[in-house]
Amino acid sequence: MEREIIVVGAGPSGSTTATALAQKGHNVLLIDRQQFPRDKTCGDGIPAGAIEILYSLGMKERIQDAGFYPVTRILLSSPRGYVVEADLKPGKMGANSCVVPRTEFDALIQQYAVDSGVEFCQAQVKEPIIEDNRVVGVRATVNGNLQEIRAQAVVAADGVTSVVARTLRDDKQEDGHRAVALRTYITDIEENPHQVEFYLYHEILPGYAWIFPYGEGKANVGLGMRLDKFREIDSSLEDLVDIFLEMPEIKKRIRRGGELNDTAIWQLNFGSQPIKKAYSGALLVGDAAGLINPLTGGGIHNGLQSAVLASDVIHEALEKKDTSLKQLAVYDDLINENMKANMRKSYFLQRSLMRIPIWADLLIRWGGSNSDIANIFIDKL
Ligand SMILES: Cc1cc2nc3c(=O)[nH]c(=O)nc-3n(C[C@H](O)[C@H](O)[C@H](O)COP(=O)(O)OP(=O)(O)OC[C@H]3O[C@@H](n4cnc5c(N)ncnc54)[C@H](O)[C@@H]3O)c2cc1C
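Residues numbered from 1 in each chain as written. Predicted model: local features only at pLDDT ≥ 70, side-chain atom pairs only at ≥ 80, totals over all residues. Heavy atoms only, no water.

### Points about helix α8 (residues 300–319)
Look at α8: 29 Å from first C-alpha to last across 20 residues, which is about the 28 Å you get at 1.5 Å a residue. The buried count for α8 comes to 14 of 20 residues, which makes it a mostly enclosed element. Note on α8: the residue one or two positions beyond its end, Lys321, has a positive phi of about 55°. (Helix = DSSP H or I, 4+ residues; strand = E, 2+ residues; numbered from the N terminus. Expected span 1.5 Å × (residues − 1). Buried < 20%, exposed > 50% of the residue type's maximum accessible area, 1.4 Å probe, protein only.)

Quick look at the structure:
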């Protein structure tokens with residue numbers, strides 16, 4: 001049976017694309033290799049802008065009922081220890097940024113997709129089916145059997161290791177536009193309530209360590225580094241986190257020895273490398289489209305924005321019964337209009353910090369919460 005739309009990957013970008021399309025009256029099959037709830041290695045920092053996109057799809061009540069831990073302050077610390085602190089403004093619809101383990105966040109969005117009429121199927125997509133240079137479906141292992149599932153349009157939302165994007169892209173993500181990051185959970189830290197903390201320091205530039213609390217002494221702690229730079233150093237990410245937690249101002253806040261749980265490492269593809277996101281019969285969204293901010297490492301807000309744009313473009317294409325590249329190419333333009341300027345600025349700052357680390361000190365010391373670097377971090381939360 002031919003489906004109308006297949007969305008591969010039920011993370012925030014995929015589930016949101018699926019919901020938006022179902023709400024426009026389409027028949028959507030949402031595929032993920034995992035059952036939900038499932039973990040996704042992340043800092044768990046969800047910007048207000050992302051929450052507001054979910055509000056606009058009708059999730060306000062569910063999100064408020066879920067009681068996510070709100071964050072209202074940000075702290076940014078420079079290599080020499082200069083600090084800027086600022087209030088985080090709620091979004092236009094009143095949503096706060098928040099910290100919520102992805103196990104919980106992603107399951108809520110995936111369930112909402114199902115409740116909106118999306119059909120969910122646990123399956124491992126192996127590759128897109130391509131005929132006459134056009135994506136016409138996917139090959140996937142369902143209950144141990146390899147099956148062909150055909151559709152008029154396919155959305156790749158299968159994250160940074162996307163098999164769909166890997167098949168369609170004719171370029172590779174370069175190490176200078178990628179990062180590796182480690183996240184872990186700590187349960188006994190003296191938190192600054194409702195404040196997310198970012199620490200830029202020499203050993204990990206361009207990159208940073210973070211402490212994102214979510215109440216009762218619990219926090220998501222981690223750090224990330226640009227991949228080419230990481231390959232040049234001798235330390236592992238685990239060593240670097242130990243160094244971070246041994247810093248006197250952090251160590252004194254850890255109360256009962258600082259046991260770390262669920263430590264995991266994952267990769268990030270930055271939007272600073274421009275890639276094609278529209279193909280004949282298919283669009284890439286979220287991490288599969290490489291939409292992570294190259295300074296902050298945040299990808300959820302961009303992922304949700306891309307989901308909404310993709311759903312609009314696919315809806316129009318299906319109305320016109322034309323999902324050719326000519327019809328879908330407008331998606332690349334829309335992504336550029338909405339994200340290119342911010343990506344460029346973030347990339348420029350990231351490169352400057354690596355070449356002249358003292359920049360971070362100067363920007364934070366003299367620019368305070370009005371500096372470009374602070375603004376980008378504040379903007380993304
Ligand atoms: C350590 C770390 C910290 C981060 N911290 C933050 C943060 O605090 N805030 C922020 O905004 N961003 C953060 N990010 C980035 C953020 O995690 C991603 O941008 C976000 O998860 C993208 O969502 P997505 O839906 O596009 O992809 P994902 O969340 O990766 O979802 C992809 C889905 O596709 C499924 N899938 C993959 N392959 C297949 C397949 N072959 N077949 C079927 N299903 C498949 C997976 O199971 C998964 O459910 C961080 C990233 C890392 C690595």
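On we go.
### Observations regarding the packing of helix α1 (residues 12–23) against α8
Contact geometry for α1 and α8: axes closest at 8 Å, N-to-C directions at 35°. Between α1 and α8 the crossing geometry is right-handed. Note on element contacts: α8 touches α1 through Gly303, Leu304, Ala307, Ala310, Ser311, Ile314 and His315, opposite Pro12, Ser13, Thr16, Thr17, Ala20 and Leu21. Looking at the contact of α1 with α8 residue by residue, the classes come out as seven nonpolar, six polar and no charged. (Axes fitted to C-alpha atoms, helices over the stretch in contact; angles between N-to-C directions. Left-handed = near helix turned anticlockwise from the far one by under 90°. Contact = heavy atoms within 4.5 Å. Nonpolar A, V, L, I, M, F, W, Y, C, P; charged D, E, K, R; others polar.)

### Examining empty space enclosed by the protein
Tallying each qualifying case throughout the model produces one cavity of 30 Å³ or more. For the largest cavity, the calculated volume is near 30 Å³. Looking at the lining of the largest cavity, the elements that each hand over two or more residues are β5 (73–77), β6 (83–87) and α12 (372–380). A per-class count over the lining of the largest cavity returns seven nonpolar, no polar and one charged. (1 Å grid on protein atoms, 1.4 Å probe; cavity = no way out; pocket = protein on both sides within 12 Å on 5 of 7 lines; lining within 4 Å. Points joined across faces, edges and corners; volume = space filled by probe spheres on them.)

### Some details on the pairing of strand β2 (residues 28–32)
With five of its five residues buried, β2 lies for the most part within the structure. Side-chain alternation along β2 places Val28, Leu30 and Asp32 on one buried face and Leu29 and Ile31 on a second face that is also buried. With four bridges connecting them, strand β1 (residues 2–8) and β2 associate as parallel partners. Among the inter-strand pairings, Val8 is bridged to a residue of β2, identified as Ile31. Taken together, β1, α1 and β2 form a β-α-β motif whose crossover is right-handed. Strand direction decides the pairing type here: β2 and strand β8 (residues 119–122), joined by four bridges, are parallel. Note that in β8 the partner of Leu29 across the bridge is Glu119. (Pairing = 2+ DSSP bridges. Right-handed = clockwise from strand over helix to strand, strands pointing away.)

### Points about the nonpolar core
By size, the foremost hydrophobic cluster in this structure holds 55 residues, and its most contacted members are Ile6 and Tyr331. Discounting chain neighbours no more than four positions away, the residues touching Tyr331 are Lys277, Ala278, Leu283, Leu284, Val285, Ser306, Leu309, Ala310 and Val313. Among the nonpolar cores identified, the runner-up in size contains 33 residues, and Ala179, Leu205, Leu268 and Leu363 belong to it. (Core = buried A, V, L, I, M, F, W, Y, C linked by side-chain atoms within 4.5 Å.)

### Things to note about a nonpolar patch on the surface
Residues Ile356, Ile358, Trp359, Leu362 and Trp366 make up a contiguous nonpolar surface patch of about 520 Å² in total accessible area. Residue placement: Trp366 occurs in helix α11 (residues 358–367). (Patch = residues over 30% accessible without salt bridge, like charges linked within 9 Å, V, L, I, M, F, W, Y side chains within 5 Å. Areas by Shrake-Rupley, 256 points an atom, 1.4 Å probe, with all protein chains shown as cover. Salt bridge = Lys/Arg side-chain N within 4 Å of Asp/Glu carboxyl O.)

### Considering the sheet that holds strand β4 (residues 69–71)
Pairing is antiparallel in the open sheet, where three strands are placed in the order β3-β7-β4. The open sheet has two edge strands, β3 (45–46) and β4, and neither has a second partner. Pairing analysis gives three bridges linking β4 to strand β7 (residues 97–99), with the strands arranged antiparallel. Its bridge partner being in β7, Pro70 is matched across the sheet by Cys98.

### Observations concerning the pattern of salt bridges
All chains considered together, the criterion is met by 20 salt bridges. Arg73 is the partner of Asp87 in a salt bridge, and the nearest nitrogen-oxygen pair spans 2.8 Å. With Asp87 in strand β6 and Arg73 in strand β5, this pair connects stretches of sequence that are 14 residues apart. Given a relative accessible area of 52%, Asp87 falls into the exposed group. Of the charged contacts in the structure, one is a salt bridge between Glu197 and Arg253, with a shortest N-O distance of 2.8 Å. One end of the pair, Glu197, is in strand β13 (residues 195–199); the other, Arg253, is in the loop between α7 (248–251) and β16 (260–269), and 56 residues separate them in sequence.

### Focus on the site of the ligand
By nearness alone, 34 residues border the ligand, and Ser13, Asp32, Gly43, Gly45 and Asp287 come closest of all. Residue Arg33 places a main-chain N or O atom 3.1 Å away from a nitrogen atom belonging to the ligand. Between Asp287 and the ligand, the recorded distance is 2.7 Å, taken from a side-chain N or O atom to an oxygen atom. Summarising the interface, the protein chains cover 95% of the accessible area of the ligand, which totals 1,000 Å² for the free molecule. Elements with a contribution of two residues or more to the shell around the ligand: α1, β9 (124–131), β14 (207–213) and β16. (Near = heavy atom within 4 Å. Polar contact = N/O pair within 3.5 Å; in protein donor to acceptor, adjacent residues only side chain to side chain.)

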